[in-house]
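# Fold and geometry: a report
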Amino acid sequence: MNILRTPTRLGLILILAFFTLWYSVADAAGLLTPADRSLPELEIKSHDVEVTIEDGYAITRVEQTFHNPHTTDLEAIYSFPVPEHGAVAEFTVWIDGKPVSGEVLEKKQARKVYEEEKAAGRDAGLTEKESYKTFDVSVSPVRAGQETRIRLVYLQPAQVDSGIGRYVYPLEEGGVDEQKLAFWTANEKVRERFSFRLKLKSAWPVDALRAPSHPQAAISRQGEGEWDLLIDSGSSGPQPSQANGADEGTQQTGSSGGLQQYVYTLDKDLVIYWRQADGLPGAVELIAHKPDNSKRGTFMMVLTPGDDLKPITEGSDWIFVLDISGSMNGKYASLADGVERALKGMRPNDRFRIVLFNTSAQELTSGYTAATPENVSRFADKVARIQPGQSTNLFAGLSLGLQRLDADRTSSIVLVTDGVANVGETKQRRFLELVEQKDVRLFTFIMGNSANRPLLEVLTKASNGFAASISNSDDIVGQLLLAKSKVTHEAMHGVEIDIDGIRTADLTPAQIGSLYRGQQLVVLGHYWGSGEADITLKGKISGTKTEYRTRFAFPDRATDNPELERLWAYATIEHLGSEIEDFGEKADLKQAIVDLGVEYGLVTDYTSMVVMRDEMFEQRGIERRNKKRLAIEESARQQRAQRTAQSRRVDTSSPMFSSNRATTRRSSGGGAFAPLDVALLLTILLVMALRSKRGLHG
């Protein structure tokens, strides 16, 4: 029996690399550029980042100081990539030496207020969101010969997969927006100081913390479950990487007063990993915020299942869907080499097809081809002879790849592309219909800070698949191991969670889909009252109904984590945004996003955050609700900082899972990599090798 199948026909799609794979452009992010493009760029004097990871989410605080060397005041634009599920909660500009935080308004209203303040010559700032790509900040005026200081704070969930936690500070712009690429005159070098500090607090034992792309980082263990990581280019004396002769983004530029000075180039993502100890139990954790015991509370429930999913072994069909558009010039030879190596790694009972697409799609093979040495050599040579050109019709390539799936065999599609679909069908609804019609399972590996992550994640959920993000700075072998276990083990499908005994509502995600080996389930929602509740996690494994149960109490009052309200609101906003992409911009959905953005102080596609002088907020009658929320969050943050990590496990007396959680160091059902693993590894290595080059975008 095929343990990945339900009684209905089910194909398995593995989309490897990725609707906006940005092999060739690694533009820096977080830049302040004059709106008047005739002026040279401004200087980044300092860039300081402080990250705190605790209680299942990360808080990132970014402060930058810019210098205007020109003789006139000007307006400037600051831009940075949208972090994965990152919600901007604070935008602060220093005015007359004092920090002034922003308030969220409907987008057009916020822009109008900003333009009026700018026209009046008063200090103002505006943070807007450009779809899934960037947060763009306008600041006016940047005073002649003076410095401008700003602060941004964003929140995002911090999940652990197979005992490995991962945090990314995005600095690479992505290079998928040609209009923006034509605009920027990027100044990505910090002239005086770059610092990045990450503090991790975990009630679960952590064996190690590392930053593989930044070996100069100073890492120390502060106590049980507490770690500190620091990268600081402004310190005296050489950093470890410089002492060892390595160049990891900092370089000595001279000395003054006996202190060495460095330039840090902001062109590489910072990726931080932490590894939990082996042998930890599957568990349920609950983090809640309920400051008034008579009102509604907000909760985040984190379920980490035990390692109950069995490995699978059987012959497979492999469909390679390859982008041969013009943007592949300069890297196609490496892609072809990767495909050849993947084909050579197949088992004797495997079959393959090869589909090519640019402006249109065509099949290089004539249906499924046995993975004999002769066939592998012949078609690898044909792939190598292809000359890339024209545009990117992603829909056509995927459609052709999905044809003729064999219901009696597990099918995997490896889609390799570096561009956003720009010809043919581009609407999300049509991609969803394509996936749903074929009853496929979609696994996505999303590369690039400007990738169309919302589309990929929607397709993934619709097909009960799995999504993972990849950065150029990732530990590729580690990411490969995590990905491998998702396709070599059975999964739990049709997952639902029931909460009985206490009133809950507004749960997100509303539809869970599937759980794969090592994957956590994070549920946000609201609750009323307090007391014991029965929790049931249920679904099907290999067609067999499976349930896990526990019982624990929801607190009557909780004030440690006020940020949960924003995390819930942003997750809900993302869901509403997906509905708009599917069914069009309906007035009620748009208004719901506006209402949530204004109430919870969040920048969205329909709301923006505006900063102006304190007296102007009062004069315009704009309530300072976000200022009040920030004060509550800052007070809670300071209180958390004074204590050790708190255990949030709630199923100790009634464990939901009987086995320990999965780890990457446990055997995953076979020693050798499957063809898919080889393709994944080689494709990502291709990305890394070519990340500093520029190319055309098909």
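Residues numbered from 1 in each chain as written. Predicted model: local features only at pLDDT ≥ 70, side-chain atom pairs only at ≥ 80, totals over all residues. Heavy atoms only, no water.

## Quick word on the overall build of the protein
Broken down by element type, the protein carries 14 helices and 36 strands. Sequence-distant contacts, at least 24 apart, represent 78% of the contacts inside the protein between residues at least 6 apart. About 27000 Å² of surface is accessible on the protein, with carbon and sulfur atoms providing 47% of the total. (Helix = DSSP H or I, 4+ residues; strand = E, 2+ residues; numbered from the N terminus. Contact = heavy atoms within 4.5 Å. Areas by Shrake-Rupley, 256 points an atom, 1.4 Å probe, with all protein chains shown as cover.)

## Comments concerning the packing of aromatic side chains
For the coordinates displayed, the defined rule picks out ten aromatic pairs. Between Tyr167 and Phe196 the ring centres are 6.5 Å apart and the planes differ by 35°, which places this aromatic pair in the tilted class. You can see Tyr167 sitting in strand S13 (residues 164-169) and its partner Phe196 sitting in strand S14 (residues 189-201), a full 29 residues away along the chain. For Phe196, a relative accessible area of 0% gives the class buried. In this structure an aromatic cluster arises from ring pairing among Phe299, Tyr527, Phe552 and Phe554. When the ring centre of Tyr368 is taken as origin, the NZ or CZ atom of Arg353, which lies over that ring, is 5.6 Å away. (Phe/Tyr/Trp six-rings, centres within 6.5 Å; stacked < 30°, edge-to-face > 60°. Buried < 20%, exposed > 50% of the residue type's maximum accessible area, 1.4 Å probe, protein only. Lys NZ or Arg CZ within 6 Å of the ring centre and 35° of its normal.)

## Description of the packing of helix H6 (residues 394-401) against helix H7 (residues 428-438)
As a packed pair, H6 and H7 sit with axes 11 Å apart at the nearest point and diverge in direction by 5°. Our classification of the angle between H6 and H7 gives roughly parallel. Residues Leu394, Phe395, Leu398 and Ser399 of H6 form the contact with H7, whose own contacting residues are Arg430, Phe431 and Leu434. Class assignment for the residues of the contact of H6 with H7 results in five nonpolar, one polar and one charged. (Axes fitted to C-alpha atoms, helices over the stretch in contact; angles between N-to-C directions. Parallel < 35°, antiparallel > 145°, perpendicular 65-115°, else oblique. Nonpolar A, V, L, I, M, F, W, Y, C, P; charged D, E, K, R; others polar.)

## Let's talk about unusual backbone geometry
In this structure, Pro141 follows Ser140 across a cis peptide bond, with omega equal to -10°. Of note, Pro141 is situated in strand S10 (residues 134-142). Of note, the bond from Thr508 into Pro509 is cis; its omega dihedral lies within 30 degrees of zero at 5°. Residue position: Pro509 is located in the loop between strand S31 (503-508) and strand S32 (513-515). Of note in this structure, His85 is not a glycine but carries a positive phi near 55°. Turning to its location among the elements, His85 is positioned in the loop between strand S5 (74-81) and strand S6 (87-95). Positive phi values are uncommon outside glycine, yet Gln390 reaches one of about 75°. For Gln390, the position within the fold is in the loop between helix H5 (373-384) and H6.

## Some details on the pattern of salt bridges
If you walk through the whole model with that rule in mind, you get 48 salt bridges. Asp228 is the partner of Arg197 in a salt bridge, and the nearest nitrogen-oxygen pair spans 3.4 Å. One end of the pair, Arg197, is in strand S14; the other, Asp228, is in strand S17 (residues 226-232), and 31 residues separate them in sequence. Overall, Arg197 belongs to the partly exposed group, its relative accessible area being 33%. Asp228 gets classed as buried once you look at its relative accessible area, which sits at 6%. Measuring nitrogen to oxygen at the nearest pair gives 2.9 Å for the salt bridge that ties Lys199 to Asp228. In this pair, Lys199 is assigned in strand S14 and Asp228 in strand S17, connecting sequence segments 29 residues apart. Shared partners join several salt bridges into a network, and the residues in it are Asp73, Asp96, Asp123, Arg143 and Arg613. (Salt bridge = Lys/Arg side-chain N within 4 Å of Asp/Glu carboxyl O.)

## Details of helix H13 (residues 625-641)
With 17 residues, H13 extends 25 Å between its outermost C-alpha atoms, agreeing within 8% with the 24 Å of an ideal straight helix rising 1.5 Å per residue. Among the residues making up H13, those that are buried are Asn626, Arg629, Leu630, Glu633, Ala636, Arg637 and Arg640. All buried residues of H13 fall inside an arc of 130° around its axis, so they share one side. Every exposed residue of H13 that faces more than 90 degrees away from the buried side is listed here: Lys628 and Ile632. (Expected span 1.5 Å × (residues − 1). Arc of directions from axis to C-beta.)

## Thoughts on the side chain of Gln276
Here Gln276 shows up in strand S20 (residues 270-276). Engagement of the side chain of Gln276 in a polar contact is seen with the side chain of Arg661, the distance being 3.1 Å. (Polar contact = N/O pair within 3.5 Å; in protein donor to acceptor, adjacent residues only side chain to side chain.)

## Examining the packing of helix H11 (residues 587-600) against H13
It is the contact of H11 with H13, at a shortest axis distance of 8 Å, that shows an interaxial angle of 55°. By the angle class used here, H11 and H13 are oblique. Of H13, the residues touching H11 (which contributes Val598, Glu599 and Tyr600) are Arg625, Asn626 and Arg629. Along the lines of polarity and charge, the residues of the contact of H11 with H13 split into two nonpolar, one polar and three charged.

## Some remarks on the confidence of the model for the protein
Per-chain confidence: the protein averages 79 in pLDDT, with 75% of residues scoring 70 or above. Within the model, pLDDT remains below 50 along residues 666-673, and this stretch shows 16 contacts once partners closer than five positions in the same chain are excluded. Ignoring residues within four places in sequence, the model shows residues 676-698, a span with pLDDT below 50, making 75 contacts including any to other chains. (pLDDT = per-residue confidence, 0-100.)

## Describing the nonpolar core
With 86 residues, the main nonpolar core has Ile53, Phe91, Tyr167, Tyr169, Phe196, Leu198 and Leu229 as its most contacted residues. When residues of this core are assigned to their parent elements, the largest contribution, nine residues, is made by helix H10 (residues 564-583). Setting aside residues no more than four positions away along its own chain, Tyr167 makes contact with Val51, Ile53, Ala58, Thr60, Tyr154, Gln156, Phe196, Leu198, Leu270, Val271, Ile272 and Trp274. Formed by 27 residues, the second largest nonpolar core is a distinct cluster that contains Leu309, Ile512, Leu515 and Leu521. (Core = buried A, V, L, I, M, F, W, Y, C linked by side-chain atoms within 4.5 Å.)

## Quick look at the sheet that holds strand S21 (residues 283-289)
On the basis of which strands lie adjacent, the open sheet formed by four strands has the order S21-S22-S33-S31 and antiparallel pairing. Only two strands of the sheet have a single partner each, and these edge strands are S21 and S31. Taken over all neighbouring pairs, the strand axes of this sheet differ in orientation by 30° on average, direction set aside. Bridge count for S31 against strand S33 (residues 521-528) is four bridges, and the pairing is antiparallel. Across the sheet, Ala505 pairs through a bridge with His526, a residue of S33. Against the sheet, H10 contacts S21, strand S22 (297-304), S31 and S33, and its axis sits at roughly 110° relative to S33. (Pairing = 2+ DSSP bridges.)

## Concerning the side chain of Thr536
Its place among the elements puts Thr536 in strand S34 (residues 531-541). A polar contact is formed between the side chain of Thr536 and the side chain of Arg549, at a distance of 3.0 Å. Residue contacts for Thr536: discarding those within four places in its chain leaves Glu496, Ile497, Asp498, Glu547, Tyr548 and Arg549.

## Quick look at the pairing of S17
Counting buried positions along S17 yields six of seven residues, so the element is predominantly enclosed. As paired strands, strand S16 (residues 218-223) and S17 are joined by five bridges and run antiparallel to one another. Its bridge partner lying in S17, Ser220 is registered against Asp228. Connecting S16 to the antiparallel partner S17 that follows it, the hairpin turn spans two residues, and Gly225 within it adopts a positive phi of roughly 75°.

## Things to note about the environment of Asp381
Tracing the backbone shows Asp381 in helix H5. Sequence-wise, Asp381 and Ala336 are 45 residues apart; in three dimensions their C-alpha atoms are separated by 8.6 Å.

## Considerations on the environment of Ile53
On the secondary structure map, Ile53 appears in strand S3 (residues 43-54). When the C-alpha atoms of Ile53 and Lys199 are compared, they prove to be 6.3 Å apart, with 146 residues separating the residues in sequence. Residue contacts for Ile53: discarding those within four places in its chain leaves Ala58, Ala158, Tyr167, Leu198, Lys199, Leu200, Lys201 and Trp274.

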